[in-house]
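Coordinate analysis (summary)
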Amino acid sequence: MSDLAMTVLYGTETGNCKGLANKVAAKGEKNGVKVEVQNLAEYTTAQLAELKGAVLIIISTWDDGLPPPKAKPFCDELATADIDLSAIDYTVLALGDTEYPLYCECGKQIDARLAELGAKPFLERADLGSDFLVSYIGWSKRFWKTLAGYFGVGKSA
């Protein structure tokens, strides 16, 4: 069993991001990684600032470039927060609709803001469109391979 604990934060309106967060958690638990899943609708930047280690944020973009309504308070708070996130290694999995000009914009903004606040990306942001369930498979393989190399865990993932 690894000592690695990973936090998965999701922001969703339709439930797609929650479903992916639970998939990541199930795979992590199967491979000895303790995973805590939290809904951004019930999360604050103060809680984010207390985290250490690996953080995955899975968030959709609502309408044309907006955060999911339930995650908007967190996103608004993050945009103006003055917190140190240097203890966090992160990646963002963004969902969106390629029909919109601001495709995956919410994920792009969160990714940029986390970096500004000192968090270090362990994997580049991935933007998934309406075929996200198909794209997720390839992303998941890269994600776990990166975690195995970066943190030395989940090698059987």
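Our subject is the structure that appears above.
Below or above, wherever it landed, is the structure these notes cover. (Residues numbered from 1 in each chain as written. Predicted model: local features only at pLDDT ≥ 70, side-chain atom pairs only at ≥ 80, totals over all residues. Heavy atoms only, no water.)

1. What about the nonpolar core?
What counts, and what does not: The definition of a nonpolar core used throughout is a set of buried Ala, Val, Leu, Ile, Met, Phe, Trp, Tyr and Cys residues joined through side-chain atoms within 4.5 Å. Burial classification: accessible surface area is computed with a 1.4 Å probe over protein chains only, and a residue below 20% of its type maximum counts as buried, one above 50% as exposed, and the rest as partly exposed. Helix and strand assignments come from DSSP, with helices taken as H or I runs of at least 4 residues and strands as E runs of at least 2, each series counted from the N terminus. Here, residues are in contact when the closest pair of their heavy atoms is within 4.5 Å.
Counting residues in each nonpolar core, the largest one holds 26 residues, and the members touching the most others are L48, I57, I110 and L114. Listing elements by their share of this core, those giving two or more residues are β3 (53-60), α3 (72-80), β4 (88-95) and α4 (105-116). If sequence neighbours within four positions are ignored, I57 has contacts with L9, L40, T91, V92, L93, I110 and L114. If you look at the next biggest cluster of nonpolar residues, it comprises 25 residues, including M6, Y10, L95 and W144.

2. Concerning helix α1 (residues 16-30)
Inclusion rule: The length a helix should cover is 1.5 Å for every residue beyond the first. The arc in question is formed by the directions pointing from the helix axis toward the C-beta atoms.
Look at α1: 21 Å from first C-alpha to last across 15 residues, which is about the 21 Å you get at 1.5 Å a residue. When we look at burial in α1, the residues that qualify are C17, L20, A21, V24, A25 and G28. Buried residues in α1, looked at end-on, bunch into an arc of 140°, giving them a common side. Residues of α1 that are exposed and angled more than 90 degrees away from the buried face: A26 and K30. Downstream of α1 by one or two residues, G32 has phi in the positive range, about 80°.

3. Observations regarding the pattern of salt bridges
Between side chains of opposite charge, pairing is possible as soon as their charged atoms come close. Rules: A pairing counts as a salt bridge when a side-chain nitrogen of Lys or Arg comes within 4 Å of a carboxyl oxygen of Asp or Glu.
Applying the stated criterion across every chain, the model contains 4 salt bridges. Its salt-bridge partner being R125, residue D127 comes within 2.7 Å of it at the nearest N-O pair. Residue D127 is classed as partly exposed on the basis of its relative accessible area of 26%. By relative accessible area, R125 is classed as partly exposed at 26%. Each of D111, R125 and D127 takes part in a single network of salt bridges with overlapping partners.

4. As for the side chain of D111
Here D111 shows up in helix α4. Among all residues touching D111, those that are not within four sequence positions of it are Y90, V92 and R125.

5. Let's talk about the environment of A25
Take A25: it is sitting in helix α1. With relative accessibility at 11%, the residue A25 sits in the buried group. For the pair formed by A25 and S60, sequence separation is 35 residues and the distance between their alpha carbons is 18 Å.

6. Digging into the environment of K70
Along the chain, K70 falls in the loop between β3 and α3. Each C-alpha atom, one on K70 and one on L40, is 7.7 Å from the other, the two residues being 30 residues apart in sequence. Ignoring sequence-local partners within four residues, the contact set of K70 consists of T12, E13 and A41.

7. Here's the deal with the packing of α3 against α4
To be explicit about the condition: For helices, the fitted axis covers only the stretch in contact; all axes are lines through C-alpha atoms, and the angles between them, taken along N-to-C directions, range from 0 to 180 degrees. Handedness of a crossing follows from how the near helix is turned relative to the far one, being left-handed for an anticlockwise turn of less than a right angle and right-handed for a clockwise one. Any residue that is not Ala, Val, Leu, Ile, Met, Phe, Trp, Tyr, Cys, Pro, Asp, Glu, Lys or Arg is counted as polar, Gly included; the first ten are nonpolar and the last four charged.
Between α3 and α4, the shortest axis-to-axis distance is 10 Å and the interhelical angle comes to 35°. Handedness of the α3/α4 crossing: left-handed. Every residue of α4 that contacts α3 at C75, L78, A79 and T80 is listed here: C106, I110, R113 and L114. The residue inventory of the contact of α3 with α4, partitioned by class, reads 6 nonpolar, 1 polar and 1 charged.

8. Considerations on the side chain of R113
To keep things clear, this is the line we draw: Under the rule applied, a polar contact is a pair of N or O atoms within 3.5 Å (in protein, one hydrogen donor and one hydrogen acceptor; residues adjacent in sequence only if both atoms are side-chain atoms).
Here R113 lies in helix α4. Residue class for R113 comes out buried when judged on its relative accessible area of 17%. In terms of polar contacts, R113 uses its side chain to reach the backbone carbonyl oxygen of A81, at 2.6 Å. Apart from the residues lying within four places of it in its own chain, the contact partners of R113 are L78, A79, T80 and A81.

Geometric descriptors of this kind do not, in isolation, establish any biological role.
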